[in-house]
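Below, each chain spelled out in residue letters.
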Amino acid sequence: MPDNTESRTDGATAYDVAVVGGGSFGTAMAKVLGENGHRVHFWMRDPAQAEEIRSTRINKRYMPDVRLEGDIRPGTDLADILSKSDIVLLAVPSRAFRSIVRDHKDDFREDQIVVSLTKGIEADGFKLMSEILQEEIPRCCSGVLSGPNLAAEIVNRELTATVIAAKDPDVRHKVQALLGCEYFRVYANVDVYGVELAGALKNIYAIVAGLGAALNMGENARAMLITRGLAEMSRFAVSLGANPMTFMGLAGVGDLIATCTSSKSRNYRIGFAIGKGQQLEEAVKELGQVAEGIYTLKLVREKSEAIGIYMPLVRGLYEILYEGASINAVINSLMMAVQNSDVEFILPRTISQ
Ligand SMILES: NC(=O)c1ccc[n+]([C@@H]2O[C@H](COP(=O)([O-])OP(=O)(O)OC[C@H]3O[C@@H](n4cnc5c(N)ncnc54)[C@H](O)[C@@H]3O)[C@@H](O)[C@H]2O)c1
Ligand SMILES: O=P(O)(O)OC[C@H](O)CO
């Protein structure tokens, strides 16, 4: 039988890479990069945390059981780190993203590749991180990385795939070469907006799925939530200019499956806690890490109502989280809504809200 598998040849170029953000995902990416033989300039704002990682090679708060191998250099001087780096990976919560980039806009180098790993939306103007990069540092080549990438699995070298989305082929190829290894595969896409929006939107449905799990809903219900979530998020994203086919890929349905079925997802855990009767504020405090979906939910609900896109799961979750609606009443109204088309790209939806 002919072997159709093309294997990658190892280019073995060692890059200087900045990983900006000392949380779970920054740590996971720093680990992959260190093991791939790159020099990792790992930025975090807390000097004590940087010193601890330097001396123990462990990020105790976010990944206490994980040892970082390779040439990892934690630091707090972002200007210095940016001056040394060929490629910059930004792994900070969306709420901090613009201020970090803006405060250092003159420190980014013209020849630098800057990639957002953040899965969120900026409140002011509904901007995605790639749009912020375009506005703040248009001279840099940018991209976004998104996909089913639970940090807790990547750090254990569990098999994972992701997507690099960039218009520039050089960015796509460099990021594939940079991160790809025996447990981490990097696929490419050019639909930057779709890939990025998918990564932000799926967090909402992960909260819904966590809530369903807390209520002991069965597998039929989980499949319904994931699939109707996919229908809803692609309807919304396509109305804003994304390619619907992106939602068939890793950054769309792939990430939706991972986050809607795993208690390793922080968004799922928030939903689970709410389903068990906890208040949102309390659940967020207990989590102690970012769950982007709770902010994205507000923005998407507002935007979808402004542009007239039907998003019943978003609306229902918003009512539960922010308006004190009863979970059972919301479920009942979702189940009793007008029965409609399965795949609206094939059979248009009956318009009735
Ligand atoms: N953890 C994952 O599995 C994962 C996977 C893919 C993408 N992401 C995305 O990556 C982004 C970061 O998530 P995370 O999991 O690393 O979050 P986290 O909560 O684990 O860590 C967030 C980090 O950002 C830092 N931070 C917060 N505000 C800051 C500020 N103003 N200035 C500087 N640093 C600040 C925190 O100190 C912390 O080190 C999110 O958008 C998330 O959706 C996470
Ligand atoms: O832990 P979450 O819910 O932020 O999800 C992490 C990643 O986005 C999963 O791909």
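No experiment lies behind these values; they were computed from the predicted model shown.

**Some thoughts on the sheet that holds strand 2 (residues 39-43)**
Alright, step 1. Taken in spatial order, the eight strands of this open sheet run 5-2-1-6-7-10-11-12, and their pairing is mixed. Each of the sheet's edge strands pairs with one partner strand only, and the pair in question is strand 5 (72-75) and strand 12 (184-189). The sheet shows a mean angle of 25° between the axes of neighbouring strands, direction not considered.
Alright, step 2. Relative to strand 6 (residues 87-90), strand 1 (residues 16-20) runs parallel, the two being bridged by four bridges. Looking at the pairing, Val17 lines up with Ile87 of strand 6.
Alright, step 3. Contacts from helix 10 (residues 250-260) reach strand 10 (141-146), strand 11 (160-165) and strand 12 within the one sheet, and its direction differs from that of strand 11 by about 145°.

**A short note on the site of ligand 2**
Alright, step 1. Around ligand 2 lies a shell formed by Lys119, Pro148, Asn149, Leu150, Asn203, Ala206, Asp255, Ala258, Thr259, Ser265, Arg266 and Asn267.
Alright, step 2. Put simply, the parts of the chain that give the shell around ligand 2 at least two residues each are helix 8 (192-214), helix 10 and helix 11 (266-275).
Alright, step 3. Of all the elements, helix 10 adds the most residues to the shell around ligand 2, at three residues.
Alright, step 4. Among the residues making up the shell around ligand 2, the classes are represented as four nonpolar, five polar and three charged.
Alright, step 5. Inspection of the shell around ligand 2 shows a minimum of three residues originating in each of domain 1 (16-190) and domain 2 (199-335).

**Focus: unusual backbone geometry**
With the exception of glycine, the majority of residues adopt a negative phi angle, and the majority of peptide bonds are in the trans configuration.
Alright, step 1. Positive phi, normally seen in glycine, also occurs at Arg57, with a value near 65°.
Alright, step 2. Within the element layout of this structure, Arg57 appears in the loop between helix 2 (47-56) and strand 3 (58-59).
Alright, step 3. The phi angle at Asn216 is positive, at roughly 60°, despite the residue not being glycine.
Alright, step 4. Checked against the element boundaries, Asn216 lands in the loop between helix 8 and helix 9 (219-239).
Alright, step 5. What makes Asn216 exposed here is the crowd of 8 C-beta atoms within 10 Å.

**Section: the site of ligand 1**
Alright, step 1. The immediate surroundings of ligand 1 are formed by 25 residues, with Gly23, Ser24, Ala96, Ala151 and Gln289 found nearest.
Alright, step 2. When residues of the shell around ligand 1 are traced back to their parent elements, those giving at least two are helix 1 (24-35) and helix 4 (94-103).
Alright, step 3. Taken together, the residues of the shell around ligand 1 break down into 12 nonpolar, 10 polar and three charged.
Alright, step 4. Two domains share the shell around ligand 1, each providing at least three of its residues, namely domain 1 (16-190) and domain 2 (199-335).

**So, the domain arrangement of the protein**
Alright, step 1. Taken domain by domain, the protein comprises domain 1 (16-190) and domain 2 (199-335).
Alright, step 2. Measuring from the centre of the C-alpha atoms in domain 1 to the corresponding centre in domain 2 gives 25 Å.
Alright, step 3. Contacts between the two partners involve 20 residues from domain 1 and, on the opposite side, 21 residues from domain 2.
Alright, step 4. Mapped by element, the contributors of at least two residues to the side of domain 1 that touches domain 2 are helix 6 (151-154), strand 11 and strand 12.

**As for the environment of Ile320**
Alright, step 1. Along the polypeptide, Ile320 turns up in helix 14 (residues 312-323).
Alright, step 2. Ile320 sits in the buried class, given 21 other C-beta atoms within 10 Å.
Alright, step 3. Spatially, the C-alpha atoms of Ile320 and Ser265 are 20 Å apart, while their sequence positions differ by 55 residues.
Alright, step 4. In this structure, Ile320 is in contact with Ile274, Ala325, Ile327 and Val330, ignoring residues within four places of it in sequence.

Criteria and thresholds
Residues numbered from 1 in each chain as written. Chains lettered and ligands numbered in written order. Predicted model: local features only at pLDDT ≥ 70, side-chain atom pairs only at ≥ 80, totals over all residues. Pairing = 2+ DSSP bridges. Helix = DSSP H or I, 4+ residues; strand = E, 2+ residues; numbered from the N terminus. Axes fitted to C-alpha atoms, helices over the stretch in contact; angles between N-to-C directions. Contact = placed C-beta atoms within 7 Å. Near = placed C-beta within 6 Å. Nonpolar A, V, L, I, M, F, W, Y, C, P; charged D, E, K, R; others polar. Domains from an automatic or database assignment. Buried ≥ 20, exposed ≤ 12 C-beta atoms within 10 Å, placed from the backbone.

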